[in-house]
Amino acid sequence: MTGLAERVAALGEAARLSAGRADDEVVARAAKVAANASSRLAFSGDWTVVALAGATGSGKSSLFNAITGTQYAQTGVRRPTTAQTMAAVWGSEVPTALLDWLAVTRRQLIPAPKSDVTNLVLLDLPDHDSTAEAHRLQVDRLVELVDMLVWVVDPQKYADAALHESYLIPLAGHAAVMIVALNQIDRLSDEEVQRCMGDLRRLLDAEGLAASATVAVSAETGQGVPELGRRILAAVREKQTAAKRLAADISRAVAELEPQLGTSDVPELERKVGRRLTDSLVAAAGGEVVVDAVGRAWRLRGAYATGWPMLSWIAKLRADPLRRLRLGEKRAELDPAPRTSLPGAAPVQTAQVDMAVRALGEQAATGLPRGWADAVKEAARSNRALLPGRLDAAIAGTDLQFERGQSWWTVVRVLQWLLIVAVVAGLGWLAVDFLLLYLQLPALPGVTWWGFPAQTVLAVGGALAGIVLAGVCRIGVELGARRKRVRARTAIRRSVATVASTEIVAPVTAELDRYQRARDAIRKAR
Ligand SMILES: Nc1nc2c(ncn2[C@@H]2O[C@H](COP(=O)(O)OP(=O)(O)OP(=O)(O)O)[C@@H](O)[C@H]2O)c(=O)[nH]1
Ligand SMILES: [Mg+2]
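Residues numbered from 1 in each chain as written. Chains lettered and ligands numbered in written order. Predicted model: local features only at pLDDT ≥ 70, side-chain atom pairs only at ≥ 80, totals over all residues. Heavy atoms only, no water.

As for the overall build of the protein
Here is step 1: Helix and strand counts for the protein come out as 18 helices and nine strands.
Here is step 2: The C-alpha atoms of the protein give a radius of gyration of 45 Å, which is well past the 24 Å a tight globule of 526 residues would have.
Here is step 3: The dimensions of the protein, computed from C-alpha atoms along their principal axes, are 160 × 40 × 35 Å.
Here is step 4: For the protein, the residues scored as buried account for 46% of the 526 residues in total.
Here is step 5: Considering only contacts within the protein whose residues lie at least 6 apart along the sequence, 78% involve residues at least 24 apart.
Here is step 6: Counting only carbon and sulfur atoms, one obtains 58% of the accessible surface of the protein, whose full area is about 26,400 Å². (Helix = DSSP H or I, 4+ residues; strand = E, 2+ residues; numbered from the N terminus. Rg over C-alpha atoms; globule rule 2.2 N^0.38 Å. Buried < 20%, exposed > 50% of the residue type's maximum accessible area, 1.4 Å probe, protein only. Contact = heavy atoms within 4.5 Å. Areas by Shrake-Rupley, 256 points an atom, 1.4 Å probe, with all protein chains shown as cover.)

In structure tokens form, the structure reads like this:
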């Protein structure tokens, strides 16, 4: 049975993966086939279980007795007769586990010297067309589980629709492990037997059961019984019947499940769609608000640091845009859930995020069968409610690289204060000059620089230099602000893209992966 176990496992896997994505009944049937098959495989493949099935009064029990050479099975004119399945076992011992699994409690060991047959279980089933519901359920359950089926029909009812439509046609894939026995031929003339058998053969062939053998028997006279016995025995000796039946089961389940898995390739996620998603998330998360705040905060702090100290203190009065958003601070290393004070997304932005998420789900679901497409779209939406919190945390945790590139500010600041010192010194010197003049005291010796009194150069020059320096630095700060904005935008985008990838793309990819695995499994089961 090599290969069969792998097929069974693959079918089980395909059914498990398809749960909720394909038709529930198809999935349930496939799962049941896989479960039954793996149970059957767990029992010794040496045993072959053959069941006599058919309508009430067709002669199953009589044939059971004829084949076993016993009178174990009760036969009768009262309909229906058999209510409980009976097992006849050829072998050294009863395969208890196997019969327990089949839930067949009435067991008879056929005395050893009777024949050289071994490892055969023959079941006498109740009638499939019974007035008793329990009989039909028992038959339906065992028809699914046994290795081989002998359908016992009689000359009146061999073409009965109940048999053909409910059992034979649906089991056409199992034709190789089925025999149809026309019983009670002692009631017919040879000519009638010929006609009946021909008719039966044509019927079966038309129903796709060409591989099923037919035999004419009489439980009453024993005619044809050895022939039927030989066919059963051949199946037992071949030891392939159980495997054949399971293979047919799997093929049928695969044929049913495979169309539910579609034929198109697993779609690739388009970059364009992912980019649009990130764009909308950046907008909804207030990315541009942060970028603006970074620019303004840089200008403000730069102006304060590099401006002319006489005026730059005004910058201190303005609220810092970054700090207002609780951003750009060196936060405690262990802050488990950093939060910003960014305003929530506007309704328009929320709608755009929804649209982008839907677009991604739809693109990812292109060409997939309905149930799978729905699952992919659902996966895209699955973390939607978490997004605002995740995005905010991502932005709060983004390194805006605000501290870098400020060192020259300090140099300028020192320079500005030195110039202030010069101005103060110049003014002080001038004040002393005035005071001396006022007190009519001798003036200090005059010092001239570039033809101007040194004190004037110090005061006026210092002030002018400070203002010019501040002006030049303003340009530097502005350039820095623009660069910081670009950097911040890139960093925020990267953080937001990570959120998009873990919260939206990852569930979608997982679903697509599940789809791919289901397809691989069903292909393996086939
Ligand atoms: N003439 C004739 N009568 C038969 C033959 N086989 C069975 N019978 C009779 O048909 C009747 C029904 O036979 P059973 O073996 O009980 O039929 P069954 O298919 O087991 O019926 P249920 O247990 O009710 O499903 C009995 O009276 C048998 O004697 C046969 O080959 N020839
Ligand atoms: Mg019976």
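Describing the coordination of the magnesium ion (ligand 2)
Here is step 1: Distances from the magnesium ion (ligand 2) to its protein donors, S61 (OG) and T82 (OG1), fall at 2.0 Å. You can see S61 sitting in helix α3 (residues 60-68) and its partner T82 sitting in the loop between α3 and β2 (86-90), a full 21 residues away along the chain. Both residues of the pair, S61 and T82, belong to the buried class. (Donors = N, O, S within 2.8 Å, 3.2 Å for Na, K, Ca; no water.)

Structural notes on the domain arrangement of the protein
Here is step 1: For the protein, the assigned domains are domain 1 (46-238) and domain 2 (271-525).
Here is step 2: Inter-centroid distance (C-alpha atoms) of domain 1 to domain 2 is 84 Å. (Domains from an automatic or database assignment.)

Observations regarding unusual backbone geometry
Glycine aside, residues mostly have negative phi, and peptide bonds are mostly found in the trans state.
Here is step 1: Residue R326 is not a glycine yet carries a positive backbone phi of 60°.
Here is step 2: Given the relative accessible area of 47%, R326 is considered partly exposed.
Here is step 3: The phi dihedral of Q401 falls on the positive side, at around 55°, and the residue is not glycine.
Here is step 4: Residue placement: Q401 occurs in the loop between α16 (387-396) and α17 (407-438).

Comments concerning the sheet that holds strand β5 (residues 148-153)
Here is step 1: Across the sheet, which stays open at both edges, the seven strands sit in the order β3-β2-β4-β1-β5-β6-β7 with mixed pairing between neighbours. Either end of the sheet is taken by a strand with one partner, and the two such strands are β3 (106-109) and β7 (213-216). Taken pair by pair, the neighbouring strands of this sheet meet at an average axis angle of 20°, ignoring direction.
Here is step 2: Helix α7 (residues 190-206) contacts β5, β6 (178-182) and β7 of the sheet and is inclined by roughly 165° relative to β7. (Pairing = 2+ DSSP bridges. Axes fitted to C-alpha atoms, helices over the stretch in contact; angles between N-to-C directions.)

Some details on the pattern of salt bridges
Here is step 1: Inspection of every chain in the model, using the stated rule, returns 29 salt bridges.
Here is step 2: In this structure, R16 and E13 form a salt bridge, with 3.1 Å as the shortest nitrogen-oxygen distance. Of the two residues, R16 and E13 both sit in helix α1 (residues 4-18), three residues apart, roughly one turn of that helix.
Here is step 3: The shortest N-O distance in the salt bridge between D374 and R370 comes to 3.5 Å. Of this pair, D374 and R370 both sit in helix α15 (residues 370-381), four residues apart, which is roughly one turn of the helix.
Here is step 4: Classification of R370 by relative accessible area gives exposed; the value is 67%. (Salt bridge = Lys/Arg side-chain N within 4 Å of Asp/Glu carboxyl O.)

Thoughts on the pairing of β3
Where a strand is regular, its side chains alternate between the two sheet faces.
Here is step 1: Here β2 pairs with β3 via four bridges, running parallel. Of the residues in β3, the one forming a bridge with A88 is Q108.
Here is step 2: Note on the crossover from β2 through helix α4 (residues 96-102) to β3: the handedness is right-handed. (Right-handed = clockwise from strand over helix to strand, strands pointing away.)

Structural notes on the site of ligand 1
Here is step 1: Close contacts around ligand 1 come from 23 residues, with T56, K60, S62, T81 and D186 the closest.
Here is step 2: A distance of 3.2 Å separates an oxygen atom of ligand 1 from a polar side-chain atom of N183.
Here is step 3: Here ligand 1 has 640 Å² of accessible area as a free molecule, and 89% of this is covered by the chains.
Here is step 4: Its residues placed into classes, the shell around ligand 1 shows four nonpolar, 13 polar and six charged. (Near = heavy atom within 4 Å. Polar contact = N/O pair within 3.5 Å; in protein donor to acceptor, adjacent residues only side chain to side chain. Nonpolar A, V, L, I, M, F, W, Y, C, P; charged D, E, K, R; others polar.)

Quick notes on the environment of L11
Here is step 1: Mapped onto the elements, L11 comes out in helix α1.
Here is step 2: Using a relative accessible area of 0% as the deciding quantity, one classes L11 as buried.
Here is step 3: Sequence-wise, L11 and A35 are 24 residues apart; in three dimensions their C-alpha atoms are separated by 9.4 Å.

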